[in-house]
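Remarks on the overall topology
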Amino acid sequence: MFQAFIHWWENYPITGIFFNFHYIGQAFLPILKCLPVSLLLGVIGFVLGIPGGLLVSFMKMSKVKPLRWLMTAYIDVVRGTPMFLQILIIYFGFPFIPGYKALQMPLKQIVFFQIDLTIWLRALFIIFINTAAYQAEIFRAGIQSIPKGQNEAARSLGMGKWQTMGFVILPQTIRRILPTMLSEFILVFKDTSLFAAVSVFEMVMQAKVIAAATYNQSALIVTAFFYLLITIPLGRFVARMENKLAEQDGGDGGAVASPRAKRGKRPPRLDDTVGDSAHVVSHRENVLNSEVS
Amino acid sequence: MPGEYQSGVNTELLRLKLESHGDVDIPDKVKNVSAVDSDAPLDVAMPADAIIRIKNLKKVFGDNVVLHDVNFYCPKGHVVSVLGPSGSGKSTMLRCINLLETPTAGEIWFEDQLVNSKETDVDHLRAKIGMVFQQFNLFPHLTALGNVELALKKVRKLSKEQAEAIATEQLEKVGLSDRADFLPSQLSGGQAQRVAIARALAMEPHVMLFDEATSALDPSLVRDVLDVMRDLAKSGMTMIVVTHEMAFARDVSDHVVFMEGGVVYEQGTPEKIFDHPDRERTREFLQGMID
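Residues numbered from 1 in each chain as written. Chains lettered and ligands numbered in written order. Predicted model: local features only at pLDDT ≥ 70, side-chain atom pairs only at ≥ 80, totals over all residues. Heavy atoms only, no water.

Quick look at the overall build of chain B
Within chain B one finds eleven helices and ten strands. For chain B, with 291 residues in total, the buried portion stands at 53%. Summed over all atoms, the accessible surface of chain B reaches about 13,100 Å², with 48% contributed by carbon and sulfur. (Helix = DSSP H or I, 4+ residues; strand = E, 2+ residues; numbered from the N terminus. Buried < 20%, exposed > 50% of the residue type's maximum accessible area, 1.4 Å probe, protein only. Areas by Shrake-Rupley, 256 points an atom, 1.4 Å probe, with all protein chains shown as cover.)

What follows is the structure, encoded as structure tokens:
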């Protein structure tokens, strides 16, 4: 009876192609071995993006006009083009830079998770460039959401501009942008899958290879499982934090909206909106419209 | 002599106003003043030892002239109350003193220093001028003690122990030593404002500016804050107080400045301003406030 069920399951087109136990078992370990690659790309790229984004946001709020224009252009370009295209341009463009060849030889000798350092560095650079632009907008919205009186109070005590930023404004900003930053991390983590297009052996690339070799899609389903293993708990945690913030602030202020949420290039996502009441969403949209435009 | 204030009526401006509104009914007294003084220099005589001297202060936001021409001064140890309807420029004037707003024209002197000069070290100046805001503006991520300590550590560069000792002492002075470890969100409005006062006082300012310090408070909480301000005045602190608390202005001030439409409309001792003001508008305003 059980044998018969398994036989039916593995031969029926849908279950057999996507959820085939045999191929799932076969793909599980090789893909699990690539999970660290996806995670490291996401985490390191995102963490590098934090100081980068902060710096960009400062420059975008600077009184020096050329600096402001430059950063506006940078953010517009990054946010207005698909990350896929950014990957293709930079990943394949790097080797054309003079001097790259000479640098390449020693770097190629250093290998983590079967990926050499030239690939790691190029991939991390792309993620950095991409997420720094988004994070800059998160920081800017967060900093500008702090009431002006805070700045005035600190300055009237004789604190300098940067002291005020460091000890009064940023500590309050961080609390407000934490959920949005975690959402941004989830997006970055998922976007590491795009590196499959340039044969970086992260999870999706590995799954593609297995799927092609076995004529079966089950490996891709295994990959989806590993992504969800990270994104669902994080997404729930973000939602809880947002609700807590909204409660504490009594509807005023609250979490800062994700700059990715508005663009319309991507449909709304689980981690953008989960746990938000309609009120909070509309409020966040308002904040965003007034501040990003 | 300190304490004997000159008349600060802005004669030139009044004359201009009168000319542009020829048909408006203006009391004879004002007309006379402007006629007699129209050739006199605009500069108002001010004693050089006054800690704050404001001369011909003008502030423009875009097309909006908020302060036309403000003149008054405050000798050391005195309390000057600034009264007037909302929109008369009281707060803007106060914020010009510590350069939270940049004056468009005129002079502000703090001790022997021209405040609105390019050479002013703004942070150094502000460390000597305490300010208390209508909305308290406590730092919500720090405890009451942390709020008072922060500038001591970052601006006066005191050690952790010294800063804590001073902060504790200041909180005690405003009667809040038992609230030292509370966050601003756990304090009542009156307590929050007293912490804000302690925070400003901890810097040992030479002058304190109060920008409608009690306007955002429940009526029941106003008294605690006013008591602290009264004690402070008694201790000899120089204070410039923008307020709607008429009883406080009358009892505590050495001098009252009544502002209207961006000018000092009338100023003098509390007795003069409250009991027999020269000008009808002053009387009307005060009447309105007391009713």
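Here's the deal with the interface of chain A and chain B
Every contact between the two is made by 16 residues of chain A and, on the other side, 22 residues of chain B. Both sides of the chain A and chain B interface together cover about 1,600 Å² of buried area, and 62% of this is carbon and sulfur. Area buried by chain A at its contact with chain B is led by E152, S156 and L157 of chain A, which between them contribute 36% of it. On inspection of chain A and its partner chain B, the count reaches two salt bridges. (Contact = heavy atoms within 4.5 Å. Buried area = accessible area lost by both parts, 1.4 Å probe. Salt bridge = Lys/Arg side-chain N within 4 Å of Asp/Glu carboxyl O.)

Let's talk about the confidence of the model for chain A
Residues and elements named next belong to chain A. On average, residues of chain A score 83 in pLDDT, and 86% of them are at 70 or above. No element of chain A has a lower mean pLDDT than helix α14 (residues 278-292), at 39, and none a higher one than helix α4 (residues 65-80), at 94. Contacts from residues 263-293, a stretch scored under 50 in pLDDT, to residues over four places away or in other chains number 48 contacts. (pLDDT = per-residue confidence, 0-100.)

Considerations on the environment of K108 of chain A
All names here are of chain A. Within the secondary structure, K108 is located in helix α6 (residues 100-108). Considered as a pair, K108 and V64 are 44 residues apart in the sequence and their alpha carbons are 41 Å apart. Those residues within four positions of K108 in sequence are excluded, and the remaining contacts are D116 and T118.

Thoughts on the packing of helix α5 (residues 83-93) of chain A against helix α7 (residues 117-144) of chain A
Residue and element names in this part refer to chain A. Between α5 and α7, the least distance of the axes is 10 Å, while the angle of their chain directions is 135°. One finds that α5 runs oblique with respect to α7. Of the two possible hands of crossing, α5 and α7 adopt the one that is right-handed. Counted together, M83, Q86, I87, I90 and Y91 of α5 and I119, R122, F125, I126, I127 and N130 of α7 form the full contact between these two elements. Classifying every residue of the contact of α5 with α7 gives eight nonpolar, two polar and one charged. (Axes fitted to C-alpha atoms, helices over the stretch in contact; angles between N-to-C directions. Parallel < 35°, antiparallel > 145°, perpendicular 65-115°, else oblique. Left-handed = near helix turned anticlockwise from the far one by under 90°. Nonpolar A, V, L, I, M, F, W, Y, C, P; charged D, E, K, R; others polar.)

Section: the pairing of strand β4 (residues 105-110) of chain B
Residues and elements named next belong to chain B. Relative to β4, strand β1 (residues 52-61) runs antiparallel, the two sharing five bridges. Bridging across to β4, K58 finds its partner in A105. Bridging between β4 and strand β5 (residues 113-114) involves two bridges; their strand directions are antiparallel. Bridged to F110 within β5 is Q113. Hairpin geometry of β4 and β5 is characterised by an intervening segment of two residues between the two adjacent antiparallel strands and by a positive phi of about 50° at E111. (Pairing = 2+ DSSP bridges.)

Considerations on the side chain of N20 of chain A
All names here are of chain A. Residue placement: N20 occurs in the loop between α2 (13-18) and α3 (21-60). Judged by relative accessible area, N20 falls into the buried class, the value being 6%. Residue contacts for N20: discarding those within four places in its chain leaves E10, T15, N216 and S218.

Notes on the pattern of salt bridges
Summed over the entire model, instances satisfying the criterion amount to 20 salt bridges over all chains. For D224 of chain B, the salt bridge goes to R194 of chain B, with nearest N and O atoms at 3.8 Å. Taken together, the residues span a long stretch of sequence, with D224 of chain B in helix α8 (residues 219-234) and R194 of chain B in helix α7 (residues 189-201) at a distance of 30 residues. When the shortest N-O distance is used, the salt bridge between K272 of chain B and D278 of chain B registers 3.4 Å. Classification of D278 of chain B by relative accessible area gives partly exposed; the value is 40%. The structure contains a network of salt bridges with shared partners spanning K60, R79, E137 and R140 of chain A.

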